[in-house]
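Structural features, examined
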Amino acid sequence: MHSALRIIKEGLTGNKGWKPAWRKPDPRTQYDVIIIGGGGHGLATAYYLAKEHGITNIAVLEKGWLGGGNIGRNTTIIRSNYLLPGNQPFYELSMKLWEGLEQDFNYNAMISQRGVLNLFHSDGQRDAFVRRGNAMRLSGADAQILDAAAIRDICPYLDYDNARFPIKGGIRQPRGGTVRHDAVAWGYARAADRRGVDIIENCEVTGFIMENGHCLGVETTRGTIRAAKTAACVAGSSSKVMAMAGQRLPIESHVLQAFVSEGLKPIIPGVITFGAGHFYVSQSDKGGLVFGGDIDGYNSYAQRGNLPVLHDVCEGGMAIMPMIGRARVLRMWGGIMDMSMDGSPFIDKTQTDGLFFNGGWCYGGFKATPASGFCYAHLIATGRPHEVAQNYRLDRFLGGAAIDEKGQGAQPNLH
Ligand SMILES: Cc1cc2nc3c(=O)[nH]c(=O)nc-3n(C[C@H](O)[C@H](O)[C@H](O)COP(=O)(O)OP(=O)(O)OC[C@H]3O[C@@H](n4cnc5c(N)ncnc54)[C@H](O)[C@@H]3O)c2cc1C
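Residues numbered from 1 in each chain as written. Predicted model: local features only at pLDDT ≥ 70, side-chain atom pairs only at ≥ 80, totals over all residues. Heavy atoms only, no water.

**Quick notes on the nonpolar core**
Definition in use: Within this scheme, the nonpolar core is defined by two criteria: the residues are buried Ala, Val, Leu, Ile, Met, Phe, Trp, Tyr or Cys, and they are joined through side-chain atoms within 4.5 Å. Throughout, exposure labels follow a simple rule: accessible area from a 1.4 Å probe, protein chains only, divided by the maximum for the residue type, with under 20% read as buried, over 50% as exposed, and the rest as partly exposed. Contacts were defined at the residue level, with two residues in contact if any of their heavy atoms lie within 4.5 Å.
If you look at the biggest cluster of nonpolar residues, it comprises 55 residues, and the most contacted ones within it are Ile35, Tyr48, Phe90, Tyr188 and Ile347. Residues in contact with Phe90, not counting those within four places in the same chain, are Ile347, Trp361, Ala368, Ala371, Ser372, Cys375, Val388, Ala389 and Tyr392.

Below you can see the structure in the form of structure tokens.
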């Protein structure tokens, strides 16, 4: 982080003394590890490879600019409120890494543990949430069950009396919250760069170098680059990139949109989610309501959405919080989600020696960024899965070991 004295000095001298946060090196022809994709997960992987395993001869290849993918498009929510044993310890590790991240990579990511509140609207849903809360507490996470009166104290403006789906209570994770998403990319990038990692922007991977079942590197728009280990980490582009390596994934790509209102006085205490439809909202430090809902529901690689989903999301908002109808939407955008068949991700080796895969994050991969990088780095460096990520195997559907957190079955557009 910058010292207060330095900020004052630069402010008085026209801000001419700042250096770029990371270098812009030309790609070399050989590295120990190539990471494809300079999103949050790719940068975190490079950082933990360098920090935890001493591997620094790494290239992170990004086809656009850092922060241009989902790391800079998400609604910034972090939480570890998972139910299944295949997921909960992984997301709790991520939460613990978030809690020390700013000190660790020495960058202000505006981590704000203001709480995540999931509303429930029926007795059956309360039972399911109590079960989830117990699973969370068993794995060391925090969870509280609140009744309607307790929620009325925190959020008096929700619709308690006339709603189609009356609010009966909620499950709250006080340690959940929000993080400034692009600062996470910048923080990991700066810290990885300082440990010697080459971050190469405007460098698209266009093919893989394969020989006798081994991956020996990649072809890019900036030339051929070789490495003993190549690790794909391209989120919404997973199917396209891995198809170049001859691999078919249990993943579909769908658009997810986010919306921001005009700035309002502080009103939303943390993150609130609607339990009878798909709507969630938080409030940024600038005052904008940041909200979203379902994916668009058809396969697409376009980073933009459409109006029917906007209507659907706003209907969800009106159903629990009618006052939101008076706020004006300022901005909306879309990102490409790598939706897996069971809603859970993959961190695994592939059938090709030297080629690793990380993806299938659906719309929940931002909160996973630290643990994803940590566990992927562990796999790449040691050849063995990290214990909290050992279920994220690419072949799990063959043996019926799906990690179906929502119980929706093999239906990516429902996860
Ligand atoms: C609207 C929206 C809201 C969301 N809200 C949340 C939330 O609140 N909480 C949460 O936990 N998650 C959320 N997510 C999901 C989360 O953002 C993603 O799961 C996560 O960011 C994906 O990992 P990443 O950061 O590495 O992806 P990205 O930032 O997309 O990184 C992948 C990178 O790979 C690059 N790439 C692709 N192809 C190539 C190639 N051929 N060569 C080189 N580079 C390539 C891309 O340019 C991109 O920069 C949201 C997503 C969206 C779109």
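Next comes the rest of the account.
**Some points on the pattern of salt bridges**
Inclusion rule: The salt bridge criterion pairs a side-chain nitrogen of Lys or Arg with a carboxyl oxygen of Asp or Glu, the two atoms within 4 Å. A helix here means a DSSP run of H or I that spans at least four residues, while a strand means a run of E at least two residues long, and both kinds are numbered starting from the N terminus.
Scanning the entire structure with this criterion turns up 21 salt bridges. Across the pair Arg28 and Asp198 runs a salt bridge, and its minimum N-O distance is 3.6 Å. With Arg28 in the loop between helix H1 (4-12) and strand E1 (30-36) and Asp198 in strand E8 (residues 198-200), this residue pair connects regions lying 170 residues apart in the sequence. Arg28 sits in the partly exposed class, given a relative accessible area of 40%. Put simply, Asp342 and Arg396 hold a salt bridge, and the shortest N to O gap is 2.8 Å. Of this pair, Asp342 sits in the loop between strand E16 (329-340) and strand E17 (346-349) while Arg396 sits in the segment after helix H9 (369-382), and the two are 54 residues apart along the sequence. For the pair shown, Asp342 and Arg396 are each scored as buried. In the salt-bridge network here, residues are joined through shared partners; they are Glu92, Lys96, Glu99, Asp142 and Arg175.

**Looking at the site of the ligand**
Here is the rule: One heavy atom suffices: a residue is near a molecule or strand as soon as one of its heavy atoms comes within 4 Å of it. Polar contact criterion, stated in full: a pair of N or O atoms within 3.5 Å, where within protein one must be able to donate a hydrogen and the other to accept it, and residues adjacent in sequence count only if both atoms are side-chain atoms. Each accessible area is a Shrake-Rupley estimate made with a 1.4 Å probe; only the visible protein chains count as cover when residues are assessed. Gly is put with the polar residues, along with every residue not named as nonpolar or charged; the nonpolar set is Ala, Val, Leu, Ile, Met, Phe, Trp, Tyr, Cys and Pro, and the charged set is Asp, Glu, Lys and Arg.
In the region of the ligand, 37 residues are neighbours, and Glu62, Asn70, Ile71, Thr75 and Lys367 sit closest. Within the side chain of Thr75, a nitrogen or oxygen atom sits 2.8 Å from a nitrogen atom of the ligand. A distance of 3.0 Å separates an oxygen atom of the ligand from a polar backbone atom of Phe366. In isolation the ligand has 1000 Å² of accessible area, and contact with the protein removes 96% of it. Sorting elements by how many residues they give to the shell around the ligand places strand E12 (residues 251-263) first, with three residues. Per-class residue counts for the shell around the ligand are 18 nonpolar, 14 polar and five charged.

**Here we look at the environment of His214**
The topology assignment puts His214 in strand E10 (residues 214-220). Of the residues examined, His214 reaches a relative accessible area of 36% and is grouped as partly exposed. In this structure the C-alpha to C-alpha distance between His214 and Arg73, which are 141 residues apart in sequence, comes to 35 Å. Residues in contact with His214, not counting those within four places in the same chain, are Ile209, Thr352 and Asp353.

**Some remarks on the pairing of strand E4 (residues 116-120)**
Selection rule: Here, strands pair whenever DSSP counts at least two bridges between them.
Most of E4 sits inside the fold, with five of its five residues counted as buried. Burial along E4 is two-sided: Val116, Asn118 and Phe120 facing one way and Leu117 and Leu119 facing the other are all buried. Where E4 and strand E6 (residues 169-173) come together, five bridges link them in antiparallel fashion. If you follow Leu119 over to E6, its bridge partner there is Gly170. With three bridges connecting them, E4 and strand E13 (residues 271-273) associate as parallel partners. Within the sheet, the bridge partner assigned to Asn118 lies in E13 and is Thr273.

**A look at the packing of helix H2 (residues 40-53) against H9**
Note the threshold: Here the axes come from fitting lines to C-alpha atoms, over the contacting stretch only for helices, and the angles between their N-to-C directions go from 0 to 180 degrees. Any angle between 65 and 115 degrees counts as roughly perpendicular, while under 35 counts as roughly parallel, over 145 as roughly antiparallel, and the rest as oblique. Left-handed describes a crossing whose near helix is turned anticlockwise from the far helix by less than a right angle; the clockwise case is right-handed.
H9 packs onto H2 with a crossing angle of 55 degrees between their chain directions and a minimal axis gap of 7 Å. As judged from the angle between their axes, H2 and H9 are oblique. Here the hand of the crossing between H2 and H9 comes out right-handed. Each of Gly40, His41, Ala44, Thr45, Tyr48, Leu49, Glu52 and His53 in H2 lies in contact with H9, whose residues at this interface are Thr369, Pro370, Ser372, Gly373, Phe374, Tyr376, Ala377, His378, Ile380, Ala381 and Thr382. In the contact of H2 with H9, the residues fall into nine nonpolar, nine polar and one charged.

**Here's the deal with the environment of Trp98**
Mapped onto the fold, Trp98 is located in helix H3 (residues 88-105). Taking C-alpha positions, Trp98 is 8.5 Å from Lys367, a pair spaced 269 residues apart along the chain. Dropping the residues within four chain positions of it, Trp98 is found in contact with Ile78, Ile111, Val179, Val184, Phe366, Lys367, Thr369 and Pro370. In this structure the side chain of Trp98 is engaged in a polar contact, spanning 2.8 Å, whose partner is the backbone oxygen of Lys367.

**Section: the packing of H2 against helix H6 (residues 181-194)**
Where H2 meets H6, the axes come as close as 9 Å, and the angle between the chain directions of the two elements is 30 degrees. With respect to their mutual orientation, H2 and H6 come out roughly parallel. In this structure, the crossing between H2 and H6 has a hand that is left-handed. Of H6, the residues touching H2 (which contributes Gly40, Leu43, Ala44, Ala46, Tyr47 and Tyr48) are Ala185, Tyr188, Ala189, Ala191 and Ala192.

**Examining helix H8 (residues 307-320)**
Applicable threshold: Expected span of a helix, by definition, is 1.5 Å for each gap between consecutive residues, and there is one gap fewer than residues.
Its 14 residues give H8 an end-to-end C-alpha distance of 21 Å, which sits within 8% of 20 Å, the value for a rise of 1.5 Å per residue. Looking at the buried side of H8, the elements it contacts are E4, E12, E13, strand E14 (279-283), strand E15 (288-299) and E16. With a side-chain oxygen positioned 3.4 Å from the backbone nitrogen of Val309, the residue opening H8 is Asn306.

**Concerning the packing of aromatic side chains**
Our working rule: Aromatic pairing here means that ring centres of Phe, Tyr or Trp (its six-membered ring) are within 6.5 Å. Orientation follows from the plane angle: under 30 degrees is stacked, over 60 is edge-to-face, and everything else is tilted. We count a charge as sitting over a ring when the NZ of a lysine or the CZ of an arginine lies within 6 Å of the ring centre and within 35 degrees of the ring normal.
Under the counting rule described, the total for this entry stands at 17 aromatic pairs. Put simply, the rings of Tyr47, Tyr48, Phe105, Tyr107, Tyr188 and Phe374 touch in pairs and so form one group of aromatic residues. Lying across the ring of Phe165, Arg164 places its NZ or CZ 4.4 Å from the centre. The ring centre of Tyr301 lies 4.3 Å from the NZ or CZ of Lys240, which sits over that ring.

**Description of the state of the cysteines**
Rule in force here: Disulfide: a pair of cysteine sulfur atoms within 2.5 Å of each other.
Evaluation of the coordinates by the stated rule reveals zero disulfides. Cys215 takes part in no disulfide bond, and the closest cysteine sulfur, belonging to Cys203, lies 14 Å away. Its relative accessible area of 2% is what places Cys215 among the buried residues. Unpaired in this structure, Cys362 has its nearest cysteine sulfur neighbour in Cys233, at a distance of 15 Å. Assessed through its relative accessible area of 5%, Cys362 is described here as buried.

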